[in-house]
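# A structural walkthrough
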Amino acid sequence: MKNFKCRVSSVQNRAVKMFGSKYMFDNNEETCWSSDQGCPQWVELQSENGEKRISSFSIQFQGGFAGKDCVLEVKSSDSSDIISEPFYPEDVNTLQHFTLKTPKKGETFIFRFISSTDFFGRVVIYKLDVNED
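Residues numbered from 1 in each chain as written. Predicted model: local features only at pLDDT ≥ 70, side-chain atom pairs only at ≥ 80, totals over all residues. Heavy atoms only, no water.

The protein is annotated in an unreviewed UniProt entry as Nuclear receptor 2C2-associated protein of Laodelphax striatellus.

## Re the overall build of the protein
A count of helices and strands for the protein gives one helix and nine strands. Going from the N terminus to the C terminus, the protein shows its helices and strands as β-α-β-β-β-β-β-β-β-β. The C-alpha radius of gyration of the protein comes to 14 Å, within 12% of the 14 Å expected for a compact globule of 133 residues. In terms of principal-axis extent, the alpha carbons of the protein reach across some 35 × 25 × 25 Å. (Helix = DSSP H or I, 4+ residues; strand = E, 2+ residues; numbered from the N terminus. Rg over C-alpha atoms; globule rule 2.2 N^0.38 Å.)

## Regarding the pairing of strand 9 (residues 124-132)
Of the strand pairs in this sheet, strand 2 (residues 33-34) and strand 9 are connected by two bridges, and their pairing is antiparallel. Within the sheet, the bridge partner assigned to serine 34 lies in strand 9 and is valine 124. (Pairing = 2+ DSSP bridges.)

## Here's the deal with the environment of isoleucine 83
Topologically, isoleucine 83 is positioned in strand 6 (residues 82-87). The spatial distance from the C-alpha of isoleucine 83 to the C-alpha of leucine 72 is 8.2 Å, given a sequence separation of eleven residues. The residues touching isoleucine 83, leaving out its near neighbours within four places in the chain, are Leu72, Glu73, Val74 and Lys104. (Contact = heavy atoms within 4.5 Å.)

## Topic: the sheet that holds strand 8 (residues 108-116)
Within a sheet, each strand pairs with its neighbour through backbone hydrogen bonds, oriented either parallel or antiparallel. Read across the sheet, five strands follow the order 1-3-8-5-6 without closing on themselves; strand pairing throughout is antiparallel. Each edge of the sheet is formed by a strand with only one pairing partner; in this case those strands are strand 1 (4-8) and strand 6. Put simply, the sheet's adjacent strands are angled 15° from each other on average, direction ignored. The sheet contact formed by strand 3 (residues 41-47) and strand 8 spans six bridges and is antiparallel. Across the sheet, residue glutamate 44 finds its bridge partner in strand 8, namely isoleucine 110. (Axes fitted to C-alpha atoms, helices over the stretch in contact; angles between N-to-C directions.)

## Points about the side chain of glutamate 44
Within the secondary structure layout, glutamate 44 lies in strand 3. Judged by its relative accessible area of 11%, glutamate 44 is buried. Residues within four places of glutamate 44 in sequence aside, it is in contact with Lys5, Cys6, Arg7, Thr108, Phe109 and Ile110. (Buried < 20%, exposed > 50% of the residue type's maximum accessible area, 1.4 Å probe, protein only.)

## Examining the packing of aromatic side chains
Tallying each qualifying case throughout the model produces nine aromatic pairs. Ring centres 5.2 Å apart and planes at 25° place the aromatic pair phenylalanine 57 and phenylalanine 98 in the stacked group. One end of the pair, phenylalanine 57, is in strand 4 (residues 52-61); the other, phenylalanine 98, is in strand 7 (residues 96-106), and 41 residues separate them in sequence. With respect to class, phenylalanine 57 is no different from phenylalanine 98; both count as buried. (Phe/Tyr/Trp six-rings, centres within 6.5 Å; stacked < 30°, edge-to-face > 60°.)

## Observations concerning the nonpolar core
Ranked by size, the top nonpolar core spans 27 residues in total, and within it Val43, Leu72, Phe111, Phe113 and Ile125 carry the most contacts. Elements that contribute at least two residues to this core include exactly strand 3, strand 4, strand 5 (67-75), strand 7, strand 8 and strand 9. Among residues more than four places away in sequence, those in contact with valine 43 are Cys6, Arg7, Val8, Met24, Trp33, Phe109, Ile110, Phe111, Phe113, Ile125 and Leu128. (Core = buried A, V, L, I, M, F, W, Y, C linked by side-chain atoms within 4.5 Å.)

## Quick word on the pairing of strand 5
If a strand is regular, its side chains alternate between the two faces of the sheet. Two elements, strand 5 and strand 8, share eight bridges in a ladder whose sense is antiparallel. Within the sheet, the bridge partner assigned to glutamate 73 lies in strand 8 and is isoleucine 110. Two elements, strand 5 and strand 6, share six bridges in a ladder whose sense is antiparallel. Looking at strand 6, one finds that glutamate 73 is bridged to serine 84.

Here you go:
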């Protein structure tokens, strides 16, 4: 998704220059967003150009720091309703693809990680792509 603002629940040790959210989108295999400890963690993408319709997304975690009990929440600009759909990533390093049951239209997309495979609740993401219809 192009032209969006990204917010995250936390950054490891507040070290935004090393682990900030922008590193999920820089196409560099060596950089990542790393959350601080604690659950839940989340990534919020807000479109700057109105509503978008997405059908799928891809996410690459660091093994051992993957989200568990995950849900994608979609908010539209003209409603207070939230549409949500769970997704179930594996605890692996590879890029994982998720196709939504039905395409979702909204202005804000929140990837919520209720828990993590890490004992301390940390989540590490190297890449996040949202595929528009």
